[in-house]
Amino acid sequence: MNNIDTFVQLVQESDNIVFFGGAGVSTESGIPDFRSPDGLYNQKYKYPPETIISHSFYQRYPEEFYRFYKDKMLYPDAEPGITHLALAKLEKEGKLKAVITQNIDGLHQKAGSCNVIELHGSVLRNYCERCHKFYGIDKIINSEGVPMCDCGGRIKPDVVLYEEGLDDEIVTNAINAISNCDTLIIAGTSLVVYPAASFIRYFKGNHLVLINLSETSADKMADLVIHGKVGEVLSQIKI
Ligand code: NAD
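Residues numbered from 1 in each chain as written. Predicted model: local features only at pLDDT ≥ 70, side-chain atom pairs only at ≥ 80, totals over all residues. Heavy atoms only, no water.

Peer 1: Tell me what's going on with the sheet that holds strand β1 (residues 17–21), and back it up with residues and numbers.
Peer 2: The 6 strands lie next to each other as β3-β2-β1-β7-β8-β9, forming an open sheet whose pairing is parallel. Looking at the sheet topology across the chains shown, the edges are occupied by β3 (116–118) and β9 (224–226). On average, adjacent strands in this sheet sit at an angle of 15° to one another, irrespective of strand direction. Of the pairings in the sheet, the one linking strand β2 (residues 96–101) to β3 comprises 3 bridges and is parallel in character. Bridged to Val99 within β3 is Val116. (Pairing = 2+ DSSP bridges. Helix = DSSP H or I, 4+ residues; strand = E, 2+ residues; numbered from the N terminus. Axes fitted to C-alpha atoms, helices over the stretch in contact; angles between N-to-C directions.)

Written out as structure tokens, the structure is:
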């Protein structure tokens, strides 16, 4: 049996799966990741992306931050890909208990997944730093320069920037989901962004599967490693 057949059989036999994913899940929806050869980190900017999308840069140079953010981080017309849709189906079948994502694009929910744990927030939610009024993505897209609230406060994306901590409740939910599943599928992530990448250490189930285009530090821990496109692999699941 080849690795993909083994994977399909594993999914067919499992009813307690958790999926842990990253930017590679959305590259097939046309959203670039950070670390692939054509990812954002390999494009040339005045500052490295890690610097621009950090808390201190946002505070100091909000106009420059928003120029990059609007240009490179917002994809309002992106549609869910095979992976998002397959995961939503697996959840409806009762086989998949949670999607834990480092992505901020909202595509899992758009595909129909309900239990989505967003470790790094979402570009679809934005709030006024002064009065906490919430705004959708349109407010950001349609604002000139730095988006401002009706009250005069600055609007910030509900996204975890570099240097910012993760929400405690979200971390607890992610760790609980990983600790309690029998099969953990890790896909489309370089596993270099911490603390998110460290949560997979809480897995104590039976089957750890890793699907990624390139090698990761967790390949050696996994029971099954598939180096390929996650959409192509998940499209093989017949639900
Ligand atoms: P990353 O860019 O560091 O790594 C992506 C990984 O996915 C790479 O190892 C790459 O080889 C792999 N990959 C790319 N396309 C793939 C495919 N079709 N199938 C399988 N593997 C594929 O991304 P990361 O680990 O998620 O960390 C980057 C951080 O950047 C995250 O915290 C996330 O918040 C943010 N980010 C989010 C988005 C998004 O929301 N779509 C996009 C870019 C970055």
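Peer 1: Describe the side chain of Ser122, and please don't skip the residues or the numbers.
Peer 2: Following the sequence through the fold, Ser122 ends up in strand β4 (residues 121–128). The class for Ser122 is buried, based on a relative accessible area of 1%. Filtering out sequence-adjacent residues up to four positions away, Ser122 remains in contact with Ile104, Asp158 and Val159. (Buried < 20%, exposed > 50% of the residue type's maximum accessible area, 1.4 Å probe, protein only. Contact = heavy atoms within 4.5 Å.)

Peer 1: Requested: an account of the site of the ligand, with residues and values cited.
Peer 2: Near the ligand there are 28 residues, and of these Phe34, Arg35, Gln102, His120 and Ser190 occur at the shortest range. Within the contact set of the ligand, an oxygen atom lies 3.3 Å away from a backbone nitrogen or oxygen of Gly188. Contact distances for the ligand include 2.6 Å between an oxygen atom and a side-chain N or O atom of Ser190. Protein contact buries 95% of the 850 Å² of open area that the ligand shows by itself. Residues that form the shell around the ligand fall into these classes: 9 nonpolar, 14 polar and 5 charged. (Near = heavy atom within 4 Å. Polar contact = N/O pair within 3.5 Å; in protein donor to acceptor, adjacent residues only side chain to side chain. Areas by Shrake-Rupley, 256 points an atom, 1.4 Å probe, with all protein chains shown as cover. Nonpolar A, V, L, I, M, F, W, Y, C, P; charged D, E, K, R; others polar.)

Peer 1: How would you sum up the sheet that holds strand β5 (residues 134–135)? Please name residues and give values.
Peer 2: Either a parallel or an antiparallel arrangement is found when strands of a sheet pair, and the pairing is made through backbone hydrogen bonds. Taking strand neighbours across the sheet as the criterion, the 3 strands line up as β5-β4-β6 in an open arrangement whose pairing is antiparallel. Strands with a single pairing partner mark the edges of an open sheet, and in this sheet they are β5 and β6 (155–159).

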